[in-house]
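# Survey of secondary and tertiary structure
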Amino acid sequence: MAEKRRADLDDTDRRILDELTRDARQSVTALASRVHISRAHAYERIKKLHDQGVILRYTAVIDPVRAGLDASAYVTVRLKQNTWPSLCAKLRKISQVQHVALVGGTFDVMLLVRASSTTELRDVIFEMIQPMPEVVDTQTFLIFEDVDARG
């Protein structure tokens with residue numbers, strides 16, 4: 001995987017990112033007012049953050065239980081050496097896999113998996129993830145309650 005270059009962000013960029021993280025639906029006028037810059041300057045800064053790849057996309061944060069995703073788990077994966085790119089591509093195609101992270105430690109990958117039921121969760125893990133040739137083994141940690149620390 002290609003190495004990512006860190007963008008050169010100043011305090012204004014960080015305040016813009018904080019505002020967008022808090023509420024990406026707010027108008028640029030409202031954001032500019034909160035950050036204490038002009039609307040035109042806010043547009044320019046946001047475009048720069050997009051162009052630099054700092055802002056990847058805008059998305060909604062949903063409550064998984066209210067959205068019918070009653071079963072969630074963190075799944076750790078140990079993988080065969082040099083298989084990360086192919087495993088990552090396959091995991092991204094599984095709709096129940098909401099987050100994929102390559103990590104260091106006793107396992108290699110951590111997944112956040114959300115499903116409508118424990119049966120579906122079991123099927124995703126046992127029938128979709130574990131049979132992948134890149135996977136050596138998995139361990140599943142059920143989530144009993146989610147708390148979004150961002151608010």
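Residues numbered from 1 in each chain as written. Predicted model: local features only at pLDDT ≥ 70, side-chain atom pairs only at ≥ 80, totals over all residues. Heavy atoms only, no water.

Let us now look at the overall build of the protein chain. Of the regular secondary structure elements, the protein chain holds five helices and four strands. Shown N-terminal to C-terminal, the secondary structure of the protein chain runs as helices and strands in the order α-α-α-β-α-β-β-α-β. Against the globule reference of 15 Å for 151 residues, the protein chain gives a C-alpha radius of gyration of 19 Å, more extended than a compact globule. If one aligns the C-alpha atoms of the protein chain with their principal axes, the spans along those axes are about 55 × 40 × 25 Å. Of all 151 residues assigned to the protein chain, the portion counted as buried reaches 34%. In the protein chain, 63% of the contacts between residues at least 6 apart in sequence involve partners at least 24 apart. As displayed, the protein chain has an accessible area near 10700 Å², and 50% of this comes from carbon and sulfur atoms. Across the protein chain, the centroid of the 22 positively charged side chains sits 4 Å from that of the 21 negatively charged ones. (Helix = DSSP H or I, 4+ residues; strand = E, 2+ residues; numbered from the N terminus. Rg over C-alpha atoms; globule rule 2.2 N^0.38 Å. Buried < 20%, exposed > 50% of the residue type's maximum accessible area, 1.4 Å probe, protein only. Contact = heavy atoms within 4.5 Å. Areas by Shrake-Rupley, 256 points an atom, 1.4 Å probe, with all protein chains shown as cover. Lys, Arg positive; Asp, Glu negative; His and termini not counted. Charge placed at Lys NZ, Arg CZ, Asp CG, Glu CD.)

Here we come to the packing of helix 1 (residues 11–22) against helix 2 (residues 28–35). Remark: helix 1 packs on helix 2, axes separated minimally by 10 Å, with the N-to-C direction vectors making an angle of 130°. Classified by the angle between their axes, helix 1 and helix 2 sit oblique to one another. The two elements helix 1 and helix 2 cross, and the hand of that crossing is right-handed. In contact with Thr12, Arg15, Ile16, Glu19, Leu20 and Arg22 of helix 1, helix 2 contributes Leu31, Arg34 and Val35. Here the residues of the contact of helix 1 with helix 2 sort into four nonpolar, one polar and four charged. (Axes fitted to C-alpha atoms, helices over the stretch in contact; angles between N-to-C directions. Parallel < 35°, antiparallel > 145°, perpendicular 65-115°, else oblique. Left-handed = near helix turned anticlockwise from the far one by under 90°. Nonpolar A, V, L, I, M, F, W, Y, C, P; charged D, E, K, R; others polar.)

With that settled, consider helix 4 (residues 84–91). All buried positions along helix 4 are accounted for by Trp84, Leu87, Cys88 and Leu91. One side of helix 4 holds all its buried residues, which, seen down the axis, span an arc of 100°. Of the surrounding elements, those touching the buried residues of helix 4 are strand 1 (71–79), strand 2 (97–102), strand 3 (109–115), helix 5 (118–129) and strand 4 (135–143). (Arc of directions from axis to C-beta.)

Moving on: the nonpolar core. One finds Leu87, Leu91, Val109, Leu111, Val113 and Ile129 to be the most contacted residues of the largest nonpolar core, which totals 21 residues. Of all elements in the fold, only strand 1, helix 4, strand 3 and helix 5 reach the threshold of two or more residues within this core. In terms of residue count, the dominant contributor to this core is strand 1 (five residues). If we ignore the near neighbours within four places in the chain, the residues touching Leu87 are Val77, Leu79, Val109, Met132, Glu134 and Val135. (Core = buried A, V, L, I, M, F, W, Y, C linked by side-chain atoms within 4.5 Å.)

Here we take up the environment of Cys88. Position of Cys88 among the secondary structure elements: in helix 4. Residue classification places Cys88 among the buried residues on the basis of a relative accessible area of 12%. Remark: the alpha-carbon pair of Cys88 and Ala67, spanning 21 residues in sequence, is separated by 26 Å.

Attention now moves to the sheet that holds strand 4. With respect to topology, four strands assemble into an open sheet ordered 2-3-1-4, the strand pairing being antiparallel. Because the sheet does not close on itself, it has two edges, and the strands there are strand 2 and strand 4. Between one strand and the next, the sheet's axes are offset by a mean angle of 20°, whatever the strand orientation. Alignment of strand 1 against strand 4, held across eight bridges, turns out to be antiparallel. Bridge pairing in strand 4 places Val77 opposite Thr138. Sheet strands touched by helix 5: strand 1, strand 2, strand 3 and strand 4. Its angle to strand 3, the strand with the most contacts, is close to 140°. (Pairing = 2+ DSSP bridges.)

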